Amino acid sequence: MGLFDYLKKKFSKNEDEKNIKPVEEQKVASMKSPVENVDKSLSSSSVEGKEKIKDNTQEAYARGMKKARKGFMYRLKSLTSIFRKVNEEYFDELEEILIEADVGTELTFRIIDEAKQDAKVYNIDSPEEINKLVVEKMFEGYAQSGKSVSPDLNFVNNGPTVLLMVGVNGGGKTTTIAKLANRYSKAGKKVLLVAADTFRAGATEQLGVWAKRIGVDILMGEDGCDPSSLCYDGVRKAVNEKFDLVIVDTAGRLQNKTNLMNELAKMRRVIGKIIPEAPHETFLVIDANTGQNGIDQAKVFKEATPLTGIVITKMDGTSKGGIILAIRDKLGVPVRFIGLGEGMNDLKEFDLDEYLYGLLLVEEDED
């Protein structure tokens, strides 16, 4: 079954319940979101609750991917009205569309080359069929490498789980921390924030406002204080007071890569003195609007600290839907969460099928 046929069958509003139910049951059974598990209105034992979970997530992806969908699929479809048969000019146009969608130059060239070869081998000259072939090639590598990764946090069995958050200033890191804290606080987890971005003016106060708003604890120091010492105190507090989750904000300065690496390395060392295996997770926050610049920034952070996941923010504000492909191709790090709007509940676990449906087929289904 081709990608488009698979997505249509899975998400079709008119699909017979007996055909979708096994797929949906498997999906719900594999979901590890504690927020959804504790929400009484979405009881895991209720079929109606499961449908609400599916609908809410699907609507969020459909809404959040609107600009990317229009920027990508509209241009792809326009080629079918310009070209009756594929030729070199068609492939040049297709190449430009992929690059401008932030798929990445190297990956774009590989996809186009493979599409050309398949077109010759299977004697395909229909632009519509080539478009489908190209889209499938775009995502088949990600699907193969990303399906085994659970997007949700991997909580440890004993003691607090420590999550280190890294990313450049202005990328949405502070807001993402607040959304994650809200998510797990609602799930019944005892959450502590550590405001270790102590050198950015207003960073501590900003996180403090969020902590008060969502009702979680926060450890703050004086502006300019040593962030590693604050991390040490925060993790010690979390152990002594039996917190479930510690989220550590860090500085996002890239002006001096050496200082960044040294600071993050020191923070990891002092955290490890209290909990040897911590930090258990390190998430890099990337603004979807930064495109390939975001990939370059990510490379620096990956050199500075091991990464376990990517959080894509502001996806609802960009027309470039291919950023996740470039991330996977260049970094080999899975996207764990995706920001699909400004609301506290608009940070969703990354689901490739939902993402693809939101990028490729929503408007087709609504027709």
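Residues numbered from 1 in each chain as written. Predicted model: local features only at pLDDT ≥ 70, side-chain atom pairs only at ≥ 80, totals over all residues. Heavy atoms only, no water.

Caption draft 1: Structural detail: the pattern of salt bridges. Counted according to the given criterion, the structure contains 18 salt bridges. Ionic pairing is found between Arg63 and Asp346, a salt bridge with its closest N-O pair at 3.2 Å. Placement of the pair is Arg63 in helix 4 (residues 47–64) and Asp346 in the loop between strand 7 (335–339) and strand 8 (347–349), with a sequence separation of 283 residues. A relative accessible area of 15% means that Asp346 is categorised as buried. When the shortest N-O distance is used, the salt bridge between Asp118 and Lys137 registers 3.0 Å. Linking Asp118 in helix 7 (residues 105–121) with Lys137 in helix 8 (residues 127–146), this pair joins segments that are 19 residues apart in sequence. (Salt bridge = Lys/Arg side-chain N within 4 Å of Asp/Glu carboxyl O. Helix = DSSP H or I, 4+ residues; strand = E, 2+ residues; numbered from the N terminus. Buried < 20%, exposed > 50% of the residue type's maximum accessible area, 1.4 Å probe, protein only.)

Caption draft 2: Structural view of the packing of aromatic side chains. Enumeration over the complete set of coordinates arrives at 7 aromatic pairs. Ring plane angle 70° and centroid distance 5.2 Å describe the contact between Tyr90 and Phe91, whose orientation is recorded as edge-to-face. This pair shows no difference in class: Tyr90 is buried, exactly as Phe91 is. Joined through ring pairs, the aromatic side chains of Phe83, Tyr90 and Phe91 make up one cluster. Geometry around Phe243 places Lys190 over its ring, the cationic atom sitting 4.5 Å from the centre. (Phe/Tyr/Trp six-rings, centres within 6.5 Å; stacked < 30°, edge-to-face > 60°. Lys NZ or Arg CZ within 6 Å of the ring centre and 35° of its normal.)

Caption draft 3: Region of the structure containing the packing of helix 6 (residues 88–100) against helix 7. Close contact between helix 6 and helix 7 brings their axes to 10 Å; oriented N to C, the two are set at 150°. On the basis of the axis angle, helix 6 is roughly antiparallel to helix 7. Between helix 6 and helix 7 the crossing geometry is right-handed. Touching Glu88, Phe91, Leu94, Glu95, Leu98 and Ile99 of helix 6 are Thr108, Phe109, Ile111, Ile112, Ala115 and Lys116, all from helix 7. Class assignment for the residues of the contact of helix 6 with helix 7 results in 8 nonpolar, 1 polar and 3 charged. (Axes fitted to C-alpha atoms, helices over the stretch in contact; angles between N-to-C directions. Parallel < 35°, antiparallel > 145°, perpendicular 65-115°, else oblique. Left-handed = near helix turned anticlockwise from the far one by under 90°. Contact = heavy atoms within 4.5 Å. Nonpolar A, V, L, I, M, F, W, Y, C, P; charged D, E, K, R; others polar.)

Caption draft 4: Just the packing of helix 1 (residues 3–11) against helix 15 (residues 352–360), in detail. Packing of helix 1 against helix 15 brings their axes to within 10 Å, and their N-to-C directions diverge by 100°. By the angle between their directions, the pair helix 1 and helix 15 is classed as roughly perpendicular. Contact residues: helix 1 offers Leu3, Phe4, Tyr6, Leu7, Lys10 and Phe11, while helix 15 offers Asp353, Glu354, Leu356, Tyr357 and Leu360. Here the residues of the contact of helix 1 with helix 15 are counted per class, giving 8 nonpolar, no polar and 3 charged.

Caption draft 5: Focus on the environment of Asp316. Checked against the element boundaries, Asp316 lands in the loop between strand 6 (309–313) and helix 14 (323–331). Sequence separation between Asp316 and Asp346 is 30 residues, and the spatial gap between their C-alpha atoms is 9.9 Å. Discounting residues that sit within four places of it in the chain, Asp316 has contacts with Gly64, Lys67, Gly339, Leu340 and Gly341.

Caption draft 6: Representation of the sheet that holds strand 5 (residues 281–287). Read from one edge to the other, the open sheet built from 8 strands follows the order 3-2-4-1-5-6-7-8, with strand pairing classed as mixed. Because the sheet does not close on itself, it has two edges, and the strands there are strand 3 (217–219) and strand 8. Going from strand to strand, the sheet's axes swing by 25° on average, the running direction of each strand aside. With 3 bridges connecting them, strand 7 and strand 8 associate as antiparallel partners. Looking at the pairing, Gly339 lines up with Leu347 of strand 8. Against the sheet, helix 9 (residues 173–186) contacts strand 1 (161–166), strand 2 (191–195), strand 4 (245–249), strand 5, strand 6, strand 7 and strand 8, and its axis sits at roughly 175° relative to strand 4. Most of the contacts of helix 10 (residues 203–214) go to strand 2, to which it runs at about 165°, and overall it touches strand 2, strand 3 and strand 4. (Pairing = 2+ DSSP bridges.)

Caption draft 7: The pairing of strand 1, seen in detail. Counting buried residues in strand 1 gives 6 out of 6 residues, a clear majority hidden from the surface. By the bridge criterion, 5 bridges tie strand 1 to strand 4 in an arrangement that is parallel. Its bridge partner being in strand 4, Leu164 is matched across the sheet by Val248. Of the pairings in the sheet, the one linking strand 1 to strand 5 comprises 4 bridges and is parallel in character. Each residue of the ladder has a partner; that of Leu164, found in strand 5, is Thr282.

Caption draft 8: Geometry of unusual backbone geometry. A cis amide bond, omega -5°, links Ala278 with the succeeding residue Pro279. In this model, Asn123 sits at a positive phi of 55°, which is unusual for a non-glycine residue. For Asn123, the location among the structural elements is in the loop between helix 7 and helix 8. Judged by its relative accessible area of 68%, Asn123 falls in the exposed class.

Caption draft 9: Region of the structure containing the pairing of strand 7. Burial within strand 7 is extensive, with 5 of its 5 residues counted as buried. The pairing of strand 6 with strand 7 spans 3 bridges and is classified as parallel. Residue Ile310 lies in a different strand from strand 7, and its bridge partner there is Val335.

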